[in-house]
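Structural overview for review
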Amino acid sequence: MSEHTHQPESGRARELPMARSMCWHCQSEMTGEYFCGRCVKVQPLSKELDYFTCLNLPRKLNLDEQALEETFYALSRSFHPDYYATKDEGEKAISLGNTALLNTAYRTLKDPVQRAEYLIRLEAGSAKDIRNSPPADLFDEILELQEDLDEFRSLSAGESDERRQELLEKLQADRRTLEARKAQMEDRLREQFSRWDALPTEAEGEATVRSQKDAVLAGMQEILSNRTYVKNIVNDLVAATSPTAEPGRSAWH
Ligand SMILES: [Zn+2]
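These numbers come from a predicted model, not from an experiment. (Residues numbered from 1 in each chain as written. Predicted model: local features only at pLDDT ≥ 70, side-chain atom pairs only at ≥ 80, totals over all residues.)

Contact pair helix 4 (residues 112-124) / helix 7 (residues 207-241): the axes reach a minimum separation of 10 Å and the direction vectors enclose 135 degrees. It follows from the interaxial angle that helix 4 and helix 7 lie oblique. Handedness of the crossing formed by helix 4 with helix 7: left-handed. Along the contact surface, helix 4 presents Val113, Ala116, Glu117, Ile120, Glu123 and Ala124, while helix 7 presents Lys213, Leu217, Met220, Gln221 and Leu224. (Axes fitted to C-alpha atoms, helices over the stretch in contact; angles between N-to-C directions. Helix = DSSP H or I, 4+ residues; strand = E, 2+ residues; numbered from the N terminus. Parallel < 35°, antiparallel > 145°, perpendicular 65-115°, else oblique. Left-handed = near helix turned anticlockwise from the far one by under 90°. Contact = placed C-beta atoms within 7 Å.)

Below, the discussion takes up the environment of Arg77. Looking at the secondary structure, you find Arg77 in helix 2 (residues 65-79). Residue class for Arg77 comes out partly exposed when judged on the 15 C-beta atoms lying within 10 Å of it. Along the backbone, Arg77 and Thr99 are 22 residues apart, and their C-alpha atoms lie at a distance of 9.3 Å. (Buried ≥ 20, exposed ≤ 12 C-beta atoms within 10 Å, placed from the backbone.)

Here the focus is unusual backbone geometry. Even without glycine at this site, Val40 takes up a positive phi of about 65 degrees. Relative to the assigned elements, Val40 resides in the segment before helix 1 (51-54). Judged by the 15 C-beta atoms lying within 10 Å of it, Val40 falls in the partly exposed class. One non-glycine residue, Asn56, lies in positive phi territory at about 60 degrees. Secondary-structure assignment places Asn56 in the loop between helix 1 and helix 2.

With that settled, consider the confidence of the model for the chain. Per-residue pLDDT for the chain has a mean of 84; in total, 83% of the residues score no lower than 70. When the criterion is pLDDT under 50, residues 245-249 qualifies, and its contacts beyond four places in sequence or with other chains add up to three contacts. (pLDDT = per-residue confidence, 0-100.)

On to helix 3 (residues 89-110). Taking 1.5 Å of rise per residue, the 22 residues of helix 3 would be expected to cover 32 Å, and the 31 Å separating its terminal C-alpha atoms lies within 8% of that figure. Those residues of helix 3 hidden inside the fold are in contact with helix 1, helix 2 and helix 4. (Expected span 1.5 Å × (residues − 1).)

The next subject is the nonpolar core. If you look at the biggest cluster of nonpolar residues, it comprises 15 residues, and the most contacted ones within it are Tyr51, Cys54, Leu55, Leu102, Ala105 and Tyr106. Looking at which element gives the most residues to this core, the answer is helix 3, with five residues. Here Tyr51 is in contact with Ala105, Thr108, Leu109 and Tyr118, once residues within four sequence places are set aside. (Core = buried A, V, L, I, M, F, W, Y, C linked by C-beta atoms within 7 Å.)

Okay, here's the thing in structure tokens:
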């Protein structure tokens, strides 16, 4: 009876796909709940479960953050290893496995960039891995910046102070330019989020919907690739020009 007390409070969170349709312990039929209705043993989450389904969210990019938090905390309590300390090894292992999957799903969906990258992989398959590519229109600037950065690093403090100062100011200006570009990319990514969310979900099989989806995914993928590239350069600039400073904090990592 006491096992019931740590089941998720939210009813909808319990109606999720399971790894198997039969309880691993008593073999009775499962109806998509996390706990067997007959023997009350915890059931393992399927490794194939996608993170949106795991957290009971639609496959949207502007997600309901409150629903994400609520489902996550309800499920965390249900699977928490502390509850299974006195249970058998099978239940302990399921508790740990479910907790690990749940934590990964939560971290991935909570971060907007990771969420978008995950959705692209989910929708487009592993063939569409996101590479870091330079934005085409910044190619020349980035080339020059890399040369300046190399020169700056090669100059030690004390010697050629004047040139060093000149380069430092140039690199700091480059950094501000790139940070502004990154912020622009994040705005564009938000626009793609809304485009994605507005696409019909009903007519999944229709070729026109599929091609619309692919177009949005490809657009997001390009923005993400450029953004990661710019972000890495900004990090290099921060590290080289202000070794003790913390990188700027924002919701976008
Ligand atoms: Zn059972």
